[in-house]
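An overview of the molecular structure
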Amino acid sequence: MTSLAALVVLGVATATLPACAPNDPAPAFEAGSSASPTAPTSGQSEAPQARDGLGGPGASASPKPAEKVLAAGNPNGRASVPAEARAVDTSKPTRTVGTGTPASCTSAAVVKAVAAGGVITFNCGPAPVTIKMTATAKVRNANGPKVVLDGGGTVTLSGQGQRRILYMNTCDEAQGFTTSHCQNQDHPQLTVQNLTFADGNSTGDKAEGGGGGAIFVRGGRFKVVNSRFVRNRCDRTGPDLGGAAIRVLSQHENKPVYVVGSTFGGTAGQGGSCSNGGALSSIGVSWVVLNSVLSHNEAIGSGANPAKSGTPGGGSGGAIYCDGNEFTVRIAGTVIENNKANEGGGAVFFVSNNRTGTMKIESSTLRRNPSGKFETRGFPGIFFLGARNPTLTSSKLS
């Protein structure tokens, strides 16, 4: 999609900031995290019943945190989590990967379970386990409508630096058409929770524009709860291509992708790397990012978007890259720090082509996110073209 980012070549909103062991093992899991993405912060009112089945109180949402949760997200985040954004109740799973031992938790078992759909849990024994994916797990569009993967805080899915880990595409004929309007349907509804996604790599896969080193989603609904993304990759160059961790194209009725209590990167050497969007990337998709951490991610392309003459393009949105027309971004209770972009938006690149898009930043901290060549004056780390300047509430940008 052609972006108004071409305007930066003409010098729009320019201000340059100085720039501030990918094979390290995944961070250890910790029990008893102080932050729970599954329940409101003390003193907050219960959110209303979810309308579309992504998750809510009662039968479709976990009433309390899991007994074991990995250490993900911003423990100091206090943004209220709406009902549909909370973890899904997996106490009565449709199917379980593994029979109680690490050896029983195989790539083939994950691929089979995801294709079958439903609520999926893991039984790999009490210790943390890494499942080395030898193939990408793909959602079958007719199987669901809910597809939930819950790692219980002890499971890592690894792409081994060789492949994308998880894929859902309502417009992929190979996964089955279920409606006549694949780009705008309410299913499948994919949730990943209490999982680590490590070393995903979609480099060279240019279907649907590429990107999505760990997870690629088009259509239906999608949310992430209490999960960690480390060392994921996608193509190093290219305009619009992006999302080392997650790439999303279209959601039902433009409802948002929720990212709750999750971490992308977290420490040096653990972040994602891609042409654009070192963590998240989308075209025409709205996001709500709550109580999360995005750090040490990078946009490493060059030439911006559209690509300047003689360049391959890319290099924008160190942590988040958003392009399209009508979409919104809300960031609350979140820390975005130590990300960088070769071109623009060391933290966030936001371009609404028809200038209808809006961005809100609430009770969040954005700091040390150098933009190599351009960003919007007064908003360090952000390049923004939309309906108006980003709205800041109780937030710090530096």
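About the criteria used
- Residues numbered from 1 in each chain as written.
- Predicted model: local features only at pLDDT ≥ 70, side-chain atom pairs only at ≥ 80, totals over all residues.
- Heavy atoms only, no water.
- Phe/Tyr/Trp six-rings, centres within 6.5 Å; stacked < 30°, edge-to-face > 60°.
- Helix = DSSP H or I, 4+ residues; strand = E, 2+ residues; numbered from the N terminus.
- Buried < 20%, exposed > 50% of the residue type's maximum accessible area, 1.4 Å probe, protein only.
- Polar contact = N/O pair within 3.5 Å; in protein donor to acceptor, adjacent residues only side chain to side chain.
- Disulfide = S-S within 2.5 Å.
- Salt bridge = Lys/Arg side-chain N within 4 Å of Asp/Glu carboxyl O.

This paragraph deals with the packing of aromatic side chains. The final tally for this structure, using the stated rule, is eight aromatic pairs. Considering the side-chain rings of phenylalanine 229 and phenylalanine 264, the 4.7 Å spacing of their centres and the 5° angle between planes classify their relative orientation as stacked. Of the two residues, phenylalanine 229 sits in strand β10 (residues 228-230) while phenylalanine 264 sits in strand β13 (residues 263-265), which places them 35 residues apart along the sequence. For the pair formed by phenylalanine 229 and phenylalanine 264, the shared burial category is buried. Cluster of aromatic residues (ring-pair linked, three or more members): Tyr321, Phe349, Phe374 and Phe383.

Bringing the side chain of asparagine 226 into the picture now. Here asparagine 226 shows up in the loop between β9 (221-225) and β10. Side chain to side chain, asparagine 226 and asparagine 194 meet in a polar contact 2.7 Å long.

What follows concerns the state of the cysteines. A full pass over the atoms with the stated rule returns three disulfides. The disulfide partner of cysteine 105 is cysteine 124, and the S-S distance across this bridge is 1.9 Å. Around the S-S axis, the bridge from cysteine 105 to cysteine 124 shows a dihedral of about -100° and counts as left-handed. Here cysteine 124 lies in the loop between β2 (118-122) and β3 (129-132) and cysteine 105 lies in the loop between β1 (95-97) and α1 (107-116), a separation of 19 residues in the sequence. The disulfide partner of cysteine 234 is cysteine 274, and the S-S distance across this bridge is 1.8 Å. Its S-S torsion of about -115° marks the bond between cysteine 234 and cysteine 274 as left-handed, since a negative value means left-handed. Residue cysteine 234 is located in the loop between β10 and β11 (246-249), and its partner cysteine 274 is located in strand β14 (residues 273-274); the two are separated by 40 residues in the primary sequence. Since its relative accessible area comes to 0%, cysteine 274 is described here as buried. Numbered in order of appearance, the disulfide-bonded cysteines of the chain are paired 1-2, 3-4, 5-6.

Turning our eyes to something else, we now look at the pattern of salt bridges. Overall, the coordinates contain eight salt bridges when judged by the stated rule. Across the pair arginine 231 and aspartate 199 runs a salt bridge, and its minimum N-O distance is 2.9 Å. Note that arginine 231 is positioned in the loop between β10 and β11 and aspartate 199 in the loop between β7 (189-198) and β8 (215-218), a separation of 32 residues in sequence. When its relative accessible area of 17% is taken as the criterion, aspartate 199 is described as buried.

Backbone torsion omega between glycine 144 and proline 145 reads 0°, so that peptide bond is classified as cis. Going from histidine 187 to proline 188, the amide bond is cis rather than trans, its omega being -5°. Inspection of the secondary structure assignment puts proline 188 in the loop between β6 (166-169) and β7. Unlike most non-glycine residues, alanine 304 shows phi in positive territory, near 65°. Along the chain, alanine 304 turns up in the loop between β18 (298-299) and β19 (320-324). Overall, alanine 304 belongs to the buried group, its relative accessible area being 2%.

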